[in-house]
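# Breakdown of the fold
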Amino acid sequence: MNAGTLYRRSAFTDNPKGGNPAGVWVGETLPSVDVMQRIAAEVGYSETAFVAPTIGQNRTIRYYSPEMEVPFCGHATIATGVVLGETEGDGTYRLATAVGEVSITVHSQGGIREASLTSVEPKNKGASDLLVNEALSALGWQFSDIDGSIPPARVYAGAWHLLLAINDPHRLAQLNYDFERLKALMLQEGLTTLQLVWRESTNVFHSRNPFPVGGVVEDPATGAAAAALGGYLREAELIAVPATIFIRQGEAMGRPSRLTVEIPATGGIVVRGTAVPIE
């Protein structure tokens, strides 16, 4: 087995009891697929990132949930950036992911280390009525719950998500879905999570992200979906760019998370956050 060091960090929070926990394994070479999958299952977090080599500005990174490899994971990337800052110093690191290069810039201020990832080029496409209706049915929601100002869509910034915006925050707070039914639909459609959002104001969103395909009921912070949302808002001209939006997630789970998303006029979407050690 490849030698490496496993770090445990909670991303998008300054409190280890909040945010989204991630494993960050760092070694000279990546373990085999079977070993990475086993380690991720043993760690038990929604994702564990595997990073190699141990030093340098250029690294390879792969992401595994307890049940499958994930093409890209935002919160584990933020956690990785903070770990690299702790072990090698602040600066910019280039991460070769399965979907392309993602840069992560790390800086410290006032004793707090923050990481900013720049996603691959985002894209989106329409979601069929059949897909939307099947997802709504698995969620126990109605089409009348949809916020018509943000049409449903498949959104991407390294992984595909189904974006559903709703018009009632209470509906979002009472999320209770059919795990196996939604998992089967998402596997069929090639979706990593559902990005369920309520828009509180122009630049503040509340989000919940079911992740049954990874063996996880819900993510308390989903950086990949946050980047995909930013890309969709830009391409659909639902926000004036450049812009910064803030996403509140994880509160209903008791793990409050804060994600900052910077939407430039062109190019990848920037997602910022902190990460702290988990005892």
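Residues numbered from 1 in each chain as written. Predicted model: local features only at pLDDT ≥ 70, side-chain atom pairs only at ≥ 80, totals over all residues. Heavy atoms only, no water.

### What about the overall build of the protein chain?
Scanning the protein chain from N- to C-terminus turns up six helices and 17 strands. Compactness check: the protein chain gives a C-alpha radius of gyration of 18 Å against a globular reference of 19 Å for 279 residues, within 12% of the reference. Seen through its principal axes, the protein chain has C-alpha atoms that stretch 50 × 40 × 30 Å. Scored against the burial criterion, the 279 residues of the protein chain give a buried share of 54%. For the protein chain, restricting intrachain contacts to residue pairs at least 6 apart in sequence, the fraction spanning at least 24 positions comes to 65%. On the protein chain, roughly 11100 Å² of surface is accessible, and the fraction owed to carbon and sulfur atoms is 49%. Treating the 21 positive side-chain charges of the protein chain as one cloud and the 29 negative ones as another, the clouds have centres 2 Å apart. (Helix = DSSP H or I, 4+ residues; strand = E, 2+ residues; numbered from the N terminus. Rg over C-alpha atoms; globule rule 2.2 N^0.38 Å. Buried < 20%, exposed > 50% of the residue type's maximum accessible area, 1.4 Å probe, protein only. Contact = heavy atoms within 4.5 Å. Areas by Shrake-Rupley, 256 points an atom, 1.4 Å probe, with all protein chains shown as cover. Lys, Arg positive; Asp, Glu negative; His and termini not counted. Charge placed at Lys NZ, Arg CZ, Asp CG, Glu CD.)

### A word on the packing of helix H3 (residues 129–139) against helix H5 (residues 179–189)
For any two helices packed against each other, the geometry comes down to the angle between their axes and how far apart the axes lie. Interaxial distance between H3 and H5 falls to 9 Å at its minimum, and their mutual angle equals 155 degrees. Judged on the interaxial angle alone, H5 and H3 are roughly antiparallel. Two packed elements cross with a definite hand, and for H3 against H5 that hand is left-handed. Of H5, the residues touching H3 (which contributes Leu131, Glu134, Ala135, Ser137, Ala138 and Leu139) are Arg181, Leu182, Leu185 and Glu189. Partitioning the contact of H3 with H5 into residue classes produces six nonpolar, one polar and three charged. (Axes fitted to C-alpha atoms, helices over the stretch in contact; angles between N-to-C directions. Parallel < 35°, antiparallel > 145°, perpendicular 65-115°, else oblique. Left-handed = near helix turned anticlockwise from the far one by under 90°. Nonpolar A, V, L, I, M, F, W, Y, C, P; charged D, E, K, R; others polar.)

### Overview of the packing of aromatic side chains
Using the criterion set out here, one finds five aromatic pairs in the structure. Arranged with centres 6.3 Å apart and planes meeting at 20 degrees, the rings of Tyr177 and Phe179 form a pair that is stacked. Overall, the relative accessible area of 23% leaves Phe179 in the partly exposed class. Taken together, the ring pairs in this structure connect Trp25, Phe50 and Tyr64 into an aromatic cluster. The ring of Tyr156 carries the charged tip of Lys123 above its face, separated from the ring centre by 4.9 Å. (Phe/Tyr/Trp six-rings, centres within 6.5 Å; stacked < 30°, edge-to-face > 60°. Lys NZ or Arg CZ within 6 Å of the ring centre and 35° of its normal.)

### Describing helix H1 (residues 33–43)
Residues spaced three or four apart along an α-helix face the same direction, because each turn holds 3.6 residues. For H1, the set of buried residues is Val35, Met36, Ile39, Ala40 and Val43. What you see down the axis of H1 is that its buried residues fit within an arc of 135 degrees, all on one side. Exposed residues pointing more than 90 degrees away from the buried face of H1 are listed as Val33, Asp34 and Glu42. The secondary structure elements touched by the buried residues of H1 are strand S1 (4–11), strand S2 (20–27), strand S3 (47–52) and strand S4 (58–64). Where H1 ends, the next residue or the one after it, Gly44, has phi of about 85 degrees, a positive value. (Arc of directions from axis to C-beta.)

### A word on the pattern of salt bridges
Throughout the structure, instances matching the rule amount to 14 salt bridges. A salt bridge links Glu251 to Arg258, with the nearest nitrogen and oxygen atoms 3.0 Å apart. Overall, the relative accessible area of 33% leaves Glu251 in the partly exposed class. A residue is classified by how much of its surface remains accessible, and Arg258, at 41% relative accessible area, is partly exposed. In this structure, a network of salt bridges that share partners links the residues Glu114, Glu262 and Arg272. (Salt bridge = Lys/Arg side-chain N within 4 Å of Asp/Glu carboxyl O.)

### A few points about the nonpolar core
Leu139, Leu164, Leu194 and Ile245 are the most contacted members of the largest nonpolar core, which totals 78 residues. Among the elements that line this core, the one with the most residues is helix H6 (residues 223–235), at seven residues. If near-sequence neighbours (up to four positions away) are discounted, Leu164 is found in contact with Val132, Ala135, Leu136, Leu139, Ile146, Pro152, Leu194, Gln195, Leu196 and Val197. Trp25, Val35, Ile39 and Tyr45 belong to the second-largest nonpolar core, a separate cluster that totals nine residues. (Core = buried A, V, L, I, M, F, W, Y, C linked by side-chain atoms within 4.5 Å.)

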